[in-house]
Amino acid sequence: MNHLYASLNMVEIKSNVFIHQGQHFDVDKGYQGDICNIGFIIGNKSIAVIDTGGSLKVGSELLKEIRKRSSLPISHVINTHVHLDHIYGNAVFKSEQSEFVGHKNLAKAMLIRKAFYERLNLELLKVPFKDSVQVPPSIEINEGEILKIDLGDRLLSIEAYPEAHTDSDVTVFDEKTKTLWTGDLLFVERAPVIDGNIHGFIEVVKNLSHRSLDLAVPGHGTPPEDHQKAFKKMQHYLVSLRDAIRQAIDDGIDLDEATQTLLKDQANEWELFNIQNPRNINRVYPSMEWE
Ligand SMILES: [Zn+2]
C-alpha cells in the first residue's frame with residue numbers, strides 16, 4: 001500500500017530545528033518513500049534542509065512545511081548520504097536556487113545506484129523514471145573535512161567521513177543548540193544498515209559517542225533522550241557483528257549458514273532485525289574473508 005499522510009508531521013525539537021520522523025518500513029513491499037528523518041534549520045538569514053525524503057512528493061510536502069513557518073531563502077540542501085530514502089526529494093528545491101551539499105563521493109555514489117533506484121521507485125512507489133531525479137551536490141566536502149555555513153547568527157558544521165555506513169556520509173552540527181544530525185551513522189529502534197565498511201563504521205560511531213552534544217538526530221528513529229546510550233547500542237551491534245563474522249570465518253562456517261545464524265540473540269533489540277541483519281552479514285562477510 002502506498003500512502004503518505006496529507007501533510008508531514010513536523011516537530012520543533014530545538015529552537016528553529018524541525019524534524020519529521022519517517023516510519024520504519026523496509027525498502028520493499030509497504031515502502032512509501034517516507035521512512036527516514038528529514039527536516040530543516042532556520043537561521044536569521046536563510047534555511048538549511050537536511051535530507052529531502054524518498055520522492056518528489058515527500059520533498060514538496062517538506063517545502064510546504066518550511067513555507068508555513070518561514071519565507072527566508074533556502075540557501076542549502078544537505079544530503080547526509082546517498083540512500084534513496086534520503087535524496088529523491090532534492091529536485092523540489094532546485095526552484096529555490098539552493099546549493100546542494102554532500103560528500104565528495106556522493107555524486108558518483110548516486111550514479112552507481114541510479115538504475116537500481118529508478119527501478120525500485122517505479123516498482124514500489126509507482127514513480128516513473130522521469131520523476132526519479134537525482135540532484136548531485138554543487139558543494140562537495142572532502143573526507144575528513146568540515147564545511148561551515150552561516151544561516152545568519154547560526155553556524156552549521158558539516159563534516160564528511162571515511163567509508164562507514166556508506167562511502168558518502170556527512171553529519172550536520174548546529175552550534176547554537178548543539179544538535180548533531182547523524183544521518184544513518186546512528187539508527188534508533190530500527191536495525192542498523194551497513195552499506196559501507198564495518199571497521200570504518202565502528203570507528204565513526206565511537207568518535208561520535210565522545211562528542212559533546214545536547215541532542216542527536218538519528219537517520220531513522222526517535223531522537224534519543226540519552227544519545228550516548230544510543231551510540232553505545234549501535235556500537236554494540238556493529239562490534240558484535242564484526243566479531244561474530246570473524247569467528248564464523250575462522251570456524252569454517254560458510255556465508256549461507258552465517259546469514260541464518262549470527263546474532264539471532266539480538267533479534268528483539270531492533271525492529272526489522274530479521275530482514276536487515278542477514279543483509280548486513282551478506283555485505284560484511286565477503287569483505288572480511290581475506291583480512
Ligand atoms: Zn542509509
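Keep in mind it's a predicted model, so treat the numbers as computed, not measured.

Asks: So what's going on with the overall build of the protein chain? Residues and values would help.
Replies: The helix and strand inventory of the protein chain stands at seven helices and 12 strands. In terms of overall size, the protein chain behaves like a compact globule, its C-alpha atoms giving a radius of gyration of 18 Å where 291 residues would be expected to give roughly 19 Å. Along the longest, intermediate and shortest principal axes, the C-alpha atoms of the protein chain span 60 × 45 × 30 Å. The buried share among the 291 residues of the protein chain stands at 47%. For the protein chain, the share of sequence-separated contacts (at least 6 apart) that also reach a separation of at least 24 residues comes to 66%.

Asks: Give a description of the sheet that holds strand S12 (residues 215-220) that names residues and reports values.
Replies: The strand order across the open sheet formed by five strands is S8-S9-S10-S11-S12, and the pairing between neighbours is mixed. In the strand order of this sheet, the two ends are held by strand S8 (146-150) and S12, each with one partner. Averaged over all pairs of adjacent strands, the angle between strand axes in this sheet comes to 25°, irrespective of strand direction. As defined by bridge partners, S8 adjoins strand S9 (residues 155-160) across five bridges and the pair is classed as antiparallel. Within the sheet, the bridge partner assigned to leucine 147 lies in S9 and is isoleucine 158. Across the sheet, helix H5 (residues 227-250) is in contact with strand S11 (179-187) and S12; its angle to S11 comes to roughly 20°.

Asks: Account for the pairing of strand S5 (residues 74-78), naming residues and giving values.
Replies: Counting buried positions along S5 gives five out of five residues, so the element sits mostly inside the fold. One ladder, built from four bridges, connects strand S4 (residues 47-50) with S5; its direction is parallel. What sits directly across from isoleucine 47, in S5, is isoleucine 74. Assessed by its sense of winding, the connection that carries the chain from S4 through helix H1 (residues 56-69) to S5 is right-handed. Two elements, S5 and strand S6 (residues 99-103), share three bridges in a ladder whose sense is parallel. Note that in S6 the partner of isoleucine 78 across the bridge is valine 101.

Asks: Any chance you could break down the nonpolar core for me, citing the residues and the numbers?
Replies: Residues Phe40, Ile47, Ala48 and Val49 are the most contacted members of the largest nonpolar core, which totals 77 residues. No other element matches H5, which puts eight residues into this core. Setting aside residues up to four positions removed in sequence, phenylalanine 40 forms contacts with Phe18, Ile47, Ala48, Val49, Ile50 and Ile66.

Asks: Please provide a residue-by-residue account of the environment of arginine 190, values included.
Replies: With respect to the helices and strands, arginine 190 occurs in the loop between S11 and helix H4 (198-209). Sequence separation of arginine 190 and isoleucine 41 is 149 residues, and the distance between their C-alpha atoms is 25 Å. Apart from the residues lying within four places of it in its own chain, the contact partners of arginine 190 are His24, His220, Gly221, Trp270, Glu271 and Leu272.

Asks: So what's going on with H4? Residues and values would help.
Replies: With 12 residues, H4 extends 16 Å from end C-alpha to end C-alpha; this agrees with the ideal 16 Å at 1.5 Å per step. Contacts from the buried residues of H4 go to S11, H5 and helix H7 (273-288).

Asks: Would you mind going over the sheet that holds strand S7 (residues 139-141) in detail, with residue names and values included?
Replies: One open sheet holds the seven strands; their spatial order is S1-S2-S3-S4-S5-S6-S7, and the pairing between them is mixed. The outermost strands of the open sheet, each flanked by one partner alone, are strand S1 (11-14) and S7. Each neighbouring strand pair of the sheet contributes to a mean axis angle of 25°, computed without reference to strand direction. Across four bridges, strand S2 (residues 17-20) lies against strand S3 (residues 38-42) in antiparallel orientation. Bridging from a neighbouring strand, isoleucine 19 pairs with glycine 39 of S3.

Thresholds, definitions, all that
Residues numbered from 1 in each chain as written. Predicted model: local features only at pLDDT ≥ 70, side-chain atom pairs only at ≥ 80, totals over all residues. Helix = DSSP H or I, 4+ residues; strand = E, 2+ residues; numbered from the N terminus. Rg over C-alpha atoms; globule rule 2.2 N^0.38 Å. Buried ≥ 20, exposed ≤ 12 C-beta atoms within 10 Å, placed from the backbone. Contact = placed C-beta atoms within 7 Å. Pairing = 2+ DSSP bridges. Axes fitted to C-alpha atoms, helices over the stretch in contact; angles between N-to-C directions. Right-handed = clockwise from strand over helix to strand, strands pointing away. Core = buried A, V, L, I, M, F, W, Y, C linked by C-beta atoms within 7 Å. Expected span 1.5 Å × (residues − 1).

Any functional reading would require information that these geometric values do not contain.
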